[in-house]
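Structure at a glance
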Amino acid sequence: SEVRHHRDVPWCPFTTQDLSALLRIGEQLYFSSPEFEALIEWELVALDAERQAQAAAEQAPSAIQRQAAGISDEQQASYRRQVAVADGALRSVGLFFPQMAEMERIERSLNWLADVCERLQQRALTSDLLVRLMEQAARLDIDERLEPCVQLAAIKRDVDEWSQAASDIIDSRQPIDLREVAKLLEKGRNMDVVPVSYQTLRGLQQTALDLQARTDKLVERTEVQELVQRPNYEETVALASACTAFGRFEPSNFARLRAALAKSDEWGAEVMSMFVPVLEPAMPPQVQLDVQLEAVQYRLRRALGLAAIDGPQPEAQGNADLYCVCLRPEEGLMIECEHCREWYHAQCLNLSQ
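Residues numbered from 1 in each chain as written. Predicted model: local features only at pLDDT ≥ 70, side-chain atom pairs only at ≥ 80, totals over all residues. Heavy atoms only, no water.

Each helix and strand counted, the chain has twelve helices and two strands in total. Secondary structure of the chain in N-to-C order comes out as α-α-α-α-α-α-α-α-α-α-α-α-β-β. Residues classed as buried in the chain amount to 33% of the 353 residues present. When contacts within the chain are restricted to residue pairs at least 6 apart in sequence, long-range pairs at least 24 apart make up 59% of them. (Helix = DSSP H or I, 4+ residues; strand = E, 2+ residues; numbered from the N terminus. Buried < 20%, exposed > 50% of the residue type's maximum accessible area, 1.4 Å probe, protein only. Contact = heavy atoms within 4.5 Å.)

Right, let's get into helix α4 (residues 74–93). With 20 residues, α4 ought to run about 28 Å at 1.5 Å a step, and its terminal C-alpha atoms sit 29 Å apart, in line with that. Taken as a whole, α4 has its buried residues at Gln76, Tyr79, Val83, Ala86, Asp87, Ala89, Leu90 and Val93. Buried residues in α4, looked at end-on, bunch into an arc of 155°, giving them a common side. Of the exposed residues in α4, those oriented more than 90 degrees away from the buried face are Glu74 and Ser92. Where α4 is buried, its residues contact α3 (34–68) and α5 (99–122). Once α4 finishes, Gly94 follows within two positions and takes phi at roughly 95°, a positive value. (Expected span 1.5 Å × (residues − 1). Arc of directions from axis to C-beta.)

Another aspect to go through is the nonpolar core. Ranked by size, the top nonpolar core spans 67 residues in total, and within it Leu95, Met103, Trp112, Leu125, Leu152, Trp162 and Leu201 carry the most contacts. Per-element tally for this core: the top contributor is α3, with eleven residues. With residues up to four places along the chain from it excluded, the contact list for Trp162 reads Leu184, Leu185, Lys187, Gly188, Met191, Pro195, Ser197, Tyr198 and Leu201. (Core = buried A, V, L, I, M, F, W, Y, C linked by side-chain atoms within 4.5 Å.)

Quick look at the pattern of salt bridges now. According to the stated counting rule, one finds 13 salt bridges in the structure shown. Among the salt bridges present, the one from Arg81 reaches Glu74, with a minimum N-O distance of 2.8 Å. With relative accessibility at 45%, the residue Arg81 sits in the partly exposed group. Exposure remark for Glu74: the relative accessible area of 54% places this residue in the exposed category. A salt bridge links Arg145 to Asp143, with the shortest nitrogen-to-oxygen separation between them at 3.0 Å. Given the relative accessible area of 71%, Arg145 is considered exposed. (Salt bridge = Lys/Arg side-chain N within 4 Å of Asp/Glu carboxyl O.)

What follows is about the packing of helix α7 (residues 147–171) against helix α8 (residues 178–189). Between α7 and α8, the shortest axis-to-axis distance is 11 Å and the interhelical angle comes to 150°. Regarding the angle of α7 to α8, the classification is roughly antiparallel. With respect to the hand of their crossing, α7 and α8 are arranged in left-handed fashion. For the pair α7 and α8, the contacting residues are Glu161, Trp162, Ala165, Ala166 and Ile169 in the first and Glu180, Val181, Leu184, Leu185, Lys187 and Gly188 in the second. Tallied by class, residues from the contact of α7 with α8 come to seven nonpolar, one polar and three charged. (Axes fitted to C-alpha atoms, helices over the stretch in contact; angles between N-to-C directions. Parallel < 35°, antiparallel > 145°, perpendicular 65-115°, else oblique. Left-handed = near helix turned anticlockwise from the far one by under 90°. Nonpolar A, V, L, I, M, F, W, Y, C, P; charged D, E, K, R; others polar.)

Right, let's talk about the side chain of Thr15 for a bit. On the secondary structure map, Thr15 appears in the loop between α1 (2–6) and α2 (16–27). Since its relative accessible area comes to 17%, Thr15 is described here as buried. Polar side-chain contacts of Thr15 include one of 3.0 Å to the side chain of Gln17. Discounting chain neighbours no more than four positions away, the residues touching Thr15 are Leu95 and Phe96. (Polar contact = N/O pair within 3.5 Å; in protein donor to acceptor, adjacent residues only side chain to side chain.)

A few words now on α8. For an α-helix the count is 3.6 residues per turn, leaving residues at separations of three or four pointing the same way. Along its twelve residues, α8 runs 16 Å from first to last C-alpha, staying within 8% of the 16 Å computed at 1.5 Å per residue. All of the buried residues along α8 are Val181, Leu184, Leu185 and Gly188. Taken end-on, α8 shows its buried residues confined to a sector of 100°, consistent with a single buried face. Those residues of α8 that are exposed and aimed more than 90 degrees away from the buried face are Arg179 and Lys183. Buried positions along α8 lie against α7 and α9 (198–221). Measuring from the backbone nitrogen of Arg179 back to the side-chain oxygen at the start of α8 gives 3.0 Å, which picks out Asp177 as the cap.

Bringing unusual backbone geometry into the picture now. Even without glycine at this site, Asp141 takes up a positive phi of about 60°. The backbone of Asn253 sits at a positive phi, close to 70°, despite the residue not being glycine. Asn253 sits in the partly exposed class, given a relative accessible area of 39%.

A word on the packing of α9 against helix α10 (residues 233–246). One can describe the packing of α9 onto α10 by two numbers: an axis separation of 11 Å at closest approach and a directional angle of 155°. When the axes of α9 and α10 are compared, the pair comes out roughly antiparallel. In this structure, α9 crosses over α10, and the sense of that crossing is left-handed. Together, Leu204, Thr207, Ala208, Leu211, Arg214, Thr215, Leu218 and Arg221 of α9 and Glu235, Thr236, Ala238, Leu239, Ala242, Cys243 and Phe246 of α10 make up the contact between the two elements. When the residues that make up the contact of α9 with α10 are grouped by side-chain class, the tally is nine nonpolar, three polar and three charged.

On to the environment of Ile155, then. With respect to the element layout, Ile155 can be found in helix α7. By relative accessible area, Ile155 is classed as buried at 8%. Sequence separation between Ile155 and Asp192 is 37 residues; the distance between their C-alpha atoms is 7.0 Å.

Right, here's the structure in full:
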């Protein structure tokens, strides 16, 4: 009666061995009973379910090999139906069968292989998914020699090797080599799985490229003729600060800008010295003015020489009068400032008329 009661609940603690033991005891009795007849019928059903499960288990290696090869034909579909029928037969008996776990493992293994083959074909893998798939294969006890498992293992080795090379660059504080980084990123793009640290390394490369582009633009502007179109001090200092903060890359030609900053600092000192008194109290007013103008003109010439960065230098002008911020003689269209009464080249002021 206890066995019949458990037959109607989802999980039964009795096995076919328990059922057979009860039948052996019943055979020794001198009378029959409805319970004894029911147990005989129940045993026949259980043995039939076990035979179905055994037949499905014997064909499992061949079916798994075919699924690993990516074969999804009618034969595979028929076998899947056979496994489902055998599993249903075991569960409908109402006893506990060890074959239940085997039927579930076979079905999950076939599904796992079908999923992996499709993802490998479509290159739809991520680093996290790769780890999960390999963990699932270990739990299902899938043969590592199957082609999908071999491919996953090879991909995992490539990803680990790439990630180690990327970590050596990312974690180091040494200057990065853009050519080496570009080769490693190209290799990462062509892999079946994009490594987790790919975006981090890509960010380092982008920062270095941005610094190089900013440097190239500033250096290009140092070669123009017009002083007002050359780089200003603030943006050059900002670029130097950005390179220092990054600390992993110094753009080519940056030495020229660093030298320009040094010259600019010296130039600033020269400008500040223009405001230091250079007059003697005993000088007549007109003489004082001439001395002051001569000192200012000298320092402006000095400042112009310091501000130039490997650009065109003013030619010797002799005793010609010098005008404008460029301290050159009169040339082309000239414009007089109504405030300071100084004459300026229209070209230096970026004016066309």
